[in-house]
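# Per-entry structural report
Here's the letter readout for the chains.
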Amino acid sequence: MDAAYILLCGAMWSQFGEEDAGRELIRALSSSDPEVRVLARAMIIQAGIRSKALIGEALAKREISPVQARLCAFEKNLKSQLPGSARSCWPPRAAA
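Calculation rules
- Residues numbered from 1 in each chain as written.
- Predicted model: local features only at pLDDT ≥ 70, side-chain atom pairs only at ≥ 80, totals over all residues.
- Heavy atoms only, no water.
- Helix = DSSP H or I, 4+ residues; strand = E, 2+ residues; numbered from the N terminus.
- Buried < 20%, exposed > 50% of the residue type's maximum accessible area, 1.4 Å probe, protein only.
- Contact = heavy atoms within 4.5 Å.
- Areas by Shrake-Rupley, 256 points an atom, 1.4 Å probe, with all protein chains shown as cover.
- Axes fitted to C-alpha atoms, helices over the stretch in contact; angles between N-to-C directions.
- Parallel < 35°, antiparallel > 145°, perpendicular 65-115°, else oblique.
- Left-handed = near helix turned anticlockwise from the far one by under 90°.
- Nonpolar A, V, L, I, M, F, W, Y, C, P; charged D, E, K, R; others polar.
- Core = buried A, V, L, I, M, F, W, Y, C linked by side-chain atoms within 4.5 Å.

## As for the overall build of the protein
Of regular secondary structure, the protein possesses 6 helices and 0 strands. Ordered by position from N to C terminus, the α and β elements of the protein give α-α-α-α-α-α. When the 96 residues of the protein are sorted by exposure, 32% land in the buried category. When contacts within the protein are restricted to residue pairs at least 6 apart in sequence, long-range pairs at least 24 apart make up 47% of them. Accessible surface for the protein amounts to roughly 6,200 Å². Of this, 57% is attributable to carbon and sulfur atoms.

Encoded structure:
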């Protein structure tokens, strides 16, 4: 995988929800090339809420680790859906 391919997959995923492109981004998260991993993560994050199910599914299938899911901002999506007591496992946000 190279950067141009990851950018194309990112565009297809974020703009059109192309599932094959999303799966390629997931696969790229485990690349031996650190630049490809960072770019894939950026493309997944850029797609925002669209990536929530993609990351959740990849995590459930053990295609990615919990650390990789956290790096893709998956926890931020989970945090807003947890009941009040479960939120306590995350540190409070600093006031802006």
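Still more to cover.
## Quick word on helix α2 (residues 19-28)
Of all the residues in α2, the buried ones are Ala21, Gly22, Glu24, Leu25, Ile26 and Ala28. Where α2 is buried, its residues contact α1 (3-16), α3 (34-46) and α4 (50-60).

## Details of the packing of α2 against α4
For any two helices packed against each other, the geometry comes down to the angle between their axes and how far apart the axes lie. Across the interface, α2 lies against α4 with an axial gap of 11 Å and an inter-helix angle of 55 degrees. When the axes of α2 and α4 are compared, the pair comes out oblique. For the element pair α2 and α4, the recorded crossing hand is right-handed. Along the contact surface, α2 presents Gly22, Arg23 and Ile26, while α4 presents Leu54, Ile55 and Ala58.

## As for the environment of Leu59
Note on placement: Leu59 falls in helix α4. Taking C-alpha positions, Leu59 is 9.8 Å from Ile26, a pair spaced 33 residues apart along the chain.

## Some words on the packing of α1 against α2
Taken N-terminus to C-terminus, the directions of α1 and α2 make an angle of 135 degrees; their axes are 8 Å apart at the nearest point. Between α1 and α2, the crossing angle belongs to the class labelled oblique. Helix-helix and strand crossings are classified by hand; for α1 and α2 the assignment is left-handed. On the side of α1, the interface is formed by Tyr5, Ile6, Cys9, Gly10, Met12 and Trp13, while α2 contributes Glu19, Ala21, Gly22, Glu24, Leu25 and Ala28. The class makeup of the residues in the contact of α1 with α2 is 8 nonpolar, 2 polar and 2 charged.

## Quick word on the nonpolar core
Counting 20 residues, the largest nonpolar core has Ile6, Leu25, Ile26, Leu29, Ile44, Ile55 and Ile64 as the members making the most contacts within it. Within the residue set of this core, elements represented by two or more residues are α1, α2, α3 and α4. Ranked by residue count, the leading element in this core is α3, at 5 residues. Once you skip the residues sitting within four places of it in the chain, Leu25 turns out to touch Ile6, Cys9, Gly10, Trp13, Ala40, Met43 and Ile44.

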